[in-house]
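Residues per chain are reported as follows:
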Amino acid sequence: MASTLIVPAHIKYIQNLGANKDDLAYHTTAHLRMNAVYWGLTALCIMGAKDALDKGEMIEYVMSCWDDEAGAFGAHPGHDAHILSTLSAIQILVMQDALDRADVDRLVQFILSLQQPSGVFAGDSFGEIDTRFSYIAVNALSLLGQLDKLDADRKERLVEYIRRCKNFDGGFGGVIDAESHAAQVFVCTAALAILDRLDVVDEPMLAWWLAERQLPNGGLNGRPEKLEDVCYSFWVLSALSIVEKLEWIDADQLTSFILSAQDPDAGGIADRPGDMADVFHTLFGVAGLSLLGYPGLIDLDPVYCMPAELIEKMGLRKRWSALPRKA
Ligand code: 3PZ
Ligand code: ZN
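What you see is a predicted model, and the numbers here were worked out from it, not measured in a lab.

Reading the values: the criteria
- Residues numbered from 1 in each chain as written.
- Chains lettered and ligands numbered in written order.
- Predicted model: local features only at pLDDT ≥ 70, side-chain atom pairs only at ≥ 80, totals over all residues.
- Heavy atoms only, no water.
- Near = heavy atom within 4 Å.
- Polar contact = N/O pair within 3.5 Å; in protein donor to acceptor, adjacent residues only side chain to side chain.
- Helix = DSSP H or I, 4+ residues; strand = E, 2+ residues; numbered from the N terminus.
- Nonpolar A, V, L, I, M, F, W, Y, C, P; charged D, E, K, R; others polar.
- Donors = N, O, S within 2.8 Å, 3.2 Å for Na, K, Ca; no water.
- Buried < 20%, exposed > 50% of the residue type's maximum accessible area, 1.4 Å probe, protein only.
- Core = buried A, V, L, I, M, F, W, Y, C linked by side-chain atoms within 4.5 Å.
- Contact = heavy atoms within 4.5 Å.
- Expected span 1.5 Å × (residues − 1).

Student: Looking at this structure, how should I read the site of ligand 1?
Tutor: Close to ligand 1 lie L32, W39, R132, D229, C231, W235, D278, V279, F280 and H281, which account for all nearby residues. A distance of 3.1 Å is found between a nitrogen atom of ligand 1 and a side-chain nitrogen or oxygen belonging to D229. Take H281: an N or O atom from its side chain is 3.1 Å from a nitrogen atom of ligand 1. Broken down by secondary-structure element, the contributors of at least two residues to the shell around ligand 1 are α11 (231-242) and α13 (279-291). Examining the composition of the shell around ligand 1, we find that three residues originate from one element, α13, more than from any other. Looking at the shell around ligand 1 residue by residue, the classes come out as six nonpolar, one polar and three charged.

What follows is the structure in structure tokens.
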């Protein structure tokens, strides 16, 4: 079992993901491709290896996913636009310093068109709702420098909807009356941070609920009675970071748990030890390690899940804390 982060293996793993275009897996995951590119690129950035993928090719791929009818990005060329692939595309363009390629006005129109009368955002024109999409909307508007297009009335309706997703335990659910779930806690807390409305969060109660997610094996679960999973390292740690209570979990134990989910041969990180690695858990594993102060990694902004230096430079930094990076 690996006791350190095997950076070269993970870089190679991410480079290989796009290489086998004849693989069945490449085609069955086309609906996730734009997100996968963001997950891979961000993981590389955190490991200080941003240039391991070709920048020009990546930008052309993103632009080939533009859905001109909708005015936003799909997950793969020819796919319908969705807010999730649109945020990933914007994040990639920002990280590759190519946001000038985006049609900002049409993107803003697309995003605003998804807000429902209740204040919440849908993911696409078919109208599935979930607080995830509200976070995605404010994150995307903010990265585009257009958060002011969410006028006072829209903003108030959104904040009220998020407030109504808050539960007695301090956590948040994905819709009103849904049970608290760590991923929903992250999206609601991060959305409120971007909107400068952290007053809505019951911070001590939420930090307590988040700290209780750590299990005896060091891993974190997403809600009571569930199994640990590497991706919750990020959902839970980022929310704890925003409420400045990262010290409430045992960092050494969680670090060991994440490291034990690595595939030391093929590279990549799985949801838990022994399972198959994927790019999603590879990103959220290294993102968690970055917030835990793991040596040699780049600082991550937990609100945007992008390199902290970049978010700072764009003037978008919100309140959060990280553990001191170890030598
Ligand atoms: C995974 N999606 O709906 S998904 C995702 N999950 O697109 C991507 N932890 O087959 C990968 N579980 C792997 N590569 C899993 C993204 C989910 C999250 C599922 C998962 C993660 C445990 C069961 C939802 C941002 C975007 C999307 C999500 C969360 C955050 C799957 C199952 C679902 C999905 C994709 C593959 C196992 C990778
Ligand atoms: Zn997971």
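Student: Looking at this model, I keep getting lost on the coordination of the zinc ion (ligand 2). Mind explaining?
Tutor: Around the zinc ion (ligand 2), the protein contributes the donor atoms D229 (OD), D229 (OD), C231 (SG) and H281 (NE2), at 2.1 to 2.4 Å from the metal centre. Taken in chain order, the donor set of the zinc ion (ligand 2) reads D-x1-C-x49-H. Of the two residues, D229 is situated in the loop between α10 (203-211) and α11 and H281 in helix α13; the sequence distance between them amounts to 52 residues. Judged by its relative accessible area of 11%, D229 falls in the buried class. Of the residues examined, H281 reaches a relative accessible area of 8% and is grouped as buried.

Student: Would you explain the nonpolar core in this entry?
Tutor: If you look at soluble globular proteins, the nonpolar side chains tend to sit buried side by side. In this structure, I111, L143, F234, W235 and M306 are the most contacted members of the largest nonpolar core, which totals 119 residues. It is helix α9 (residues 182-194) that provides the largest number of residues to this core, a total of 11 residues. Sequence-distant contacts of L143, that is, excluding residues within four places in its chain, are made with L87, I90, Q91, V94, L99, Y304, M306, I311, M314 and L316.

Student: So what exactly am I meant to see when it comes to helix α7 (residues 131-143) here?
Tutor: Under the 1.5 Å per step criterion, the end-to-end length of α7 is 18 Å for 13 residues, consistent within 8% with the ideal 18 Å. Of all 13 residues making up α7, 12 are buried, and the element is well covered by its neighbours. Among the residues making up α7, those that are buried are T131, F133, S134, Y135, I136, A137, V138, N139, A140, L141, S142 and L143. Among the residues of α7, the N-terminal cap falls to D130, whose side-chain oxygen and the backbone nitrogen of R132 are separated by 2.8 Å. Note on α7: the residue one or two positions beyond its end, G145, has a positive phi of about 75°.

Student: Looking at this structure, I do not really get unusual backbone geometry. What am I missing?
Tutor: Where the residue is not glycine, phi is negative for most of them; where a peptide bond is considered, it is trans in most cases. For D177, which is not glycine, the phi torsion reads 75° and is therefore positive. Relative to the helices and strands, D177 is located in the loop between α8 (152-164) and α9. Classification of D177 by relative accessible area gives exposed; the value is 74%. Even without glycine at this site, C305 takes up a positive phi of about 50°. Note that C305 resides in the loop between β3 (300-301) and β4 (306-307).

Structural measurements only, silent on function.
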